[in-house]
Number of protein chains: 2
Amino acid sequence: LRSGATLLGDWGTSRLRLFHVVEGTITGRASGAGIGAFDRSPAQTLNETIAALGDIGPIAGIALCGMVGSRNGLVEVPYALCPIDLAGWRAAAVPVAMDLPVTIAPGLACVRPDGAPDVMRGEETQVFGALALAPELATGRHLIGLPGTHGKWVVVEDGTVQHFRTYLTGELYALLQEHSTLTRAGSDSAADAGDAHHAGFDAGLARALDGSDLLGALFEARSAQLRSGASHGWALGFLSGLLIGHEVHEGAASAAAVTLIGDPALTALYARALDACGISSVALSGDACSLAGLGLLHSPGVSA
Amino acid sequence: LRSGATLLGDWGTSRLRLFHVVEGTITGRASGAGIGAFDRSPAQTLNETIAALGDIGPIAGIALCGMVGSRNGLVEVPYALCPIDLAGWRAAAVPVAMDLPVTIAPGLACVRPDGAPDVMRGEETQVFGALALAPELATGRHLIGLPGTHGKWVVVEDGTVQHFRTYLTGELYALLQEHSTLTRAGSDSAADAGDAHHAGFDAGLARALDGSDLLGALFEARSAQLRSGASHGWALGFLSGLLIGHEVHEGAASAAAVTLIGDPALTALYARALDACGISSVALSGDACSLAGLGLLHSPGVSA
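Residues numbered from 1 in each chain as written. Chains lettered and ligands numbered in written order. Predicted model: local features only at pLDDT ≥ 70, side-chain atom pairs only at ≥ 80, totals over all residues. Heavy atoms only, no water.

## What to know about the sheet that holds strand E9 (residues 117–120) of chain A
All names here are of chain A.
Phase 1: Here we have three strands laid out as an open sheet, ordered E5-E8-E9, and mixed in their pairing. With one partner strand each, in any of the chains shown, strand E5 (80–81) and E9 form the two edges of the open sheet.
Phase 2: One ladder, built from two bridges, connects E5 with strand E8 (residues 108–111); its direction is parallel. Looking across to E8, one finds that alanine 80 is bridged to leucine 108. (Pairing = 2+ DSSP bridges. Helix = DSSP H or I, 4+ residues; strand = E, 2+ residues; numbered from the N terminus.)

## Observations concerning the confidence of the model for chain A
Residue and element names in this part refer to chain A.
Phase 1: Overall, the predicted model of chain A reaches an average pLDDT of 92, with 95% of residues at or above 70.
Phase 2: Here residues 300–304 scores under 50 on pLDDT; set against residues more than four positions off or in separate chains, the count is eight contacts.
Phase 3: As scored by the predictor, the complex reaches a pTM of 0.93 and an ipTM of 0.92. (pLDDT = per-residue confidence, 0-100. Contact = heavy atoms within 4.5 Å.)

## With respect to the relation of the copies chain A and chain B
Phase 1: Of the two same-sequence chains, chain A is brought onto chain B (RMSD 0.0 Å, axial shift 0.0 Å) by a rotation of 180 degrees. Here the symmetry operator amounts to a two-fold rotation axis.
Phase 2: Comparing interface residues between copies, 100% of those in chain A also sit at the interface in chain B, which points to an isologous, same-surface contact. (Least-squares fit on C-alpha atoms with pLDDT ≥ 70 in both.)

## Details of unusual backbone geometry
Residue and element names in this part refer to chain A.
Phase 1: Omega for the bond connecting cysteine 82 with proline 83 falls within 30 degrees of zero, at 0 degrees, which places this linkage in the cis form.
Phase 2: The phi angle at glutamate 23 is positive, at roughly 50 degrees, despite the residue not being glycine.
Phase 3: Its location among the elements puts glutamate 23 in the loop between strand E2 (15–22) and strand E3 (25–33).
Phase 4: Here glutamate 23 falls in the exposed class, since its relative accessible area comes to 64%.
Phase 5: Of note in this structure, aspartate 158 is not a glycine but carries a positive phi near 50 degrees.
Phase 6: The residue aspartate 158 is located in the loop between strand E11 (151–157) and strand E12 (160–167) in this model.
Phase 7: Relative accessible area serves as the criterion here: at 53%, aspartate 158 is assigned to the exposed category. (Buried < 20%, exposed > 50% of the residue type's maximum accessible area, 1.4 Å probe, protein only.)

## Quick look at the interface of chain A and chain B
It is common to report an interface's size as the accessible area lost on association of the parts.
Phase 1: With 48 residues of chain A in contact, the opposing surface of chain B contributes 48 residues.
Phase 2: Of the roughly 3,800 Å² buried at the junction of chain A and chain B (both faces included), carbon and sulfur atoms supply 63%.
Phase 3: When residues of chain A are sorted by the area they lose upon contact with chain B, A:Leu215, A:Phe219 and A:Arg227 head the list and together hold 19% of the total.
Phase 4: There are four salt bridges connecting chain A and chain B.
Phase 5: Viewed at the interface, chain B and chain A are joined by 14 residue pairs in polar contact (both at pLDDT 80 or more).
Phase 6: Residue assignment for the side of chain A that touches chain B shows that the elements contributing at least two residues are E9, E12, helix H4 (169–179), helix H6 (220–227) and helix H7 (232–251) of chain A.
Phase 7: Here the residues of the side of chain A that touches chain B are counted per class, giving 22 nonpolar, 12 polar and 14 charged. (Buried area = accessible area lost by both parts, 1.4 Å probe. Salt bridge = Lys/Arg side-chain N within 4 Å of Asp/Glu carboxyl O. Polar contact = N/O pair within 3.5 Å; in protein donor to acceptor, adjacent residues only side chain to side chain. Nonpolar A, V, L, I, M, F, W, Y, C, P; charged D, E, K, R; others polar.)

Given below as C-alpha cells:
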C-alpha cells in the first residue's frame, strides 16, 4: 500500500462516504447506506459503493473508519484504550481480507476524569488526521471539539489522546425538533425565518451562559411562542443556541483556545458560541481531517 | 351550582378524565380522548364521555381544567397572570353555555425571575386544590413540585401563586426512551430488569448531584452498556435518575422542604431524589388535588 490509488471511507450510522484518492488528491467519490441502514450485507454495500465510483483502475487498498467497526459493521474492531498516541492507534487497526485489502480504524474508549466510560468511532481518525495536518497540535496540551450528533471534546497532550467526553447535543436537537411539543406552538412567516432563527439562537445562547440549567430552560422555546409572539423559526434557533451554548460552556470551560473539527456550517455556530464565552477557536474541515487520518492507516508505518 | 351532583374533569393533551361527584364523593368515572387526540369536536367528545357514565340523574354543572382551555380545546380561555390568589383565579374562570353549564379553569402565565415567560394549564387547579386540602400551605412561603410530562415548580406565598418554572423532564425521558440511540446498545435479562432499573436510577441520580452537566452525562447511558456491561433496564433507570436528579437539584435548590403533587409512583421517585439532596417532602395525590381545585370553581363564591 505504499503508493498508488487508495479508497478511504468514513462509514457512520447514517451513510458511507467513500473517496478515491491518488497521491493525496481526491479523484472520485461515492455514497452508500450507513451502518444499520443497509438492506444487504456490509460487504455487498461496500462493493456496490465501490462499483458506483466507475472505472477507477487498480486499487492498493481500502481504509475505513466509523461505525463500520461496530458490532453491526463489517467486522467488530475492539476499542483502543486511552491514553493512546498515533503509533498505538495504528497498531490497533484491524485488517480484513476481502477482494481488496481493507483496514478498519479502531475507535477509542476512555475512562473520564469523573469515572464514567466513554467511546467514539470515527472522531479519533479526524483527531489523528488533524495532528498530521496542523503539527502545532502535536506538542503541548490542546482541547479539540468535534460537534455533531454525538459531539466530542477531546484532550490531547503531546500527541496523545488523554480522554474525551461526549455531548448529546446534535441528537437531542433532532429529537426536540422532530418529536417534541416545544417548537410547534407559534406561527411562522417564511420571509423572516432566517432572521428569527438567528435571534432565537442568540437568545438561547444567552440563556445557556447566564447559568440557567438546561432542563428548566428548554420549555422557554414553547412559552415564548405562547406569550411573546415568538415564531417556529425563533424556537428552533433558541433550542440550537441553548444546546450549543450549554455544550461549549461545559466542554470548553477550562480552555483559552480550542480547535474545532467538522462541517463548516456547524463549526461556525460553535465558534460564535465560544466567542461569547471569550474562548478563541480555529476550525478545521471534518472531511480533510478524516482523509488525513485514514491516509495514516495506509502509510509505510503500518502497511506490509 | 350550590349543591347536587357535579361533573369534574381534568382534560389534558392525552386524555379526558371525568368524575361524577356528589357531596365531595366520587360516584362514577369515565375517560375520553385528550385535546388534540379526538377525531370529532371537543363538544361531541365531552357529550360522549358524559354518556359513558350511564344513568347519573340530574347534574348541576361541569367544571373542567387543563388543555381544554387551550386554542384547540372547547374554548380558548386566556391565561390568568401571576401573582394570583384563589379569588383572582376563580374570577378568571370562563363559563360556556352547553346543554349543561360548563366552567373552564384558566391556566396561569408568569414572568419568571430570570425574565422568561412560563405557562401552565391544569396544574394551577391542583395547586389551589392543595391549598384547600392542606390549609398549612395557605400561609407562609411554600415550594410545590408537580412532576409530569412538563414538571412545574411553583412558589406560593400566603396563598398567592408568585411564579413557577417548567422542567421538560417527563417529555425528555419519553423522547430518549422511544427515539434515541442511548438505550438499545446493551442486552437485558428480564429477570433482573427491576433491580437494574433501580441501580441505574441511583447511578443517574448520583451523577446529577455530583455537579455533572446534563448534556455531557446523558451519553453515559449508552457508553455504560458498551463498556461496563450495563443492561437496557439500567440505562432507562440511569436516564430517569439523571433527569429527575437534575430537576430537583435546580427546581428545589433553595428549599428545606417541598410539597409534591402527582401520581404516587412518580412522586415516590421524586421524594427519593429530594431525600438525596437533603430536602424533605410531603406528597399529595394529584387526583385528589385536581378534584378539590375543580370543586372550588363550583363553590358558592363563584356560582350564580
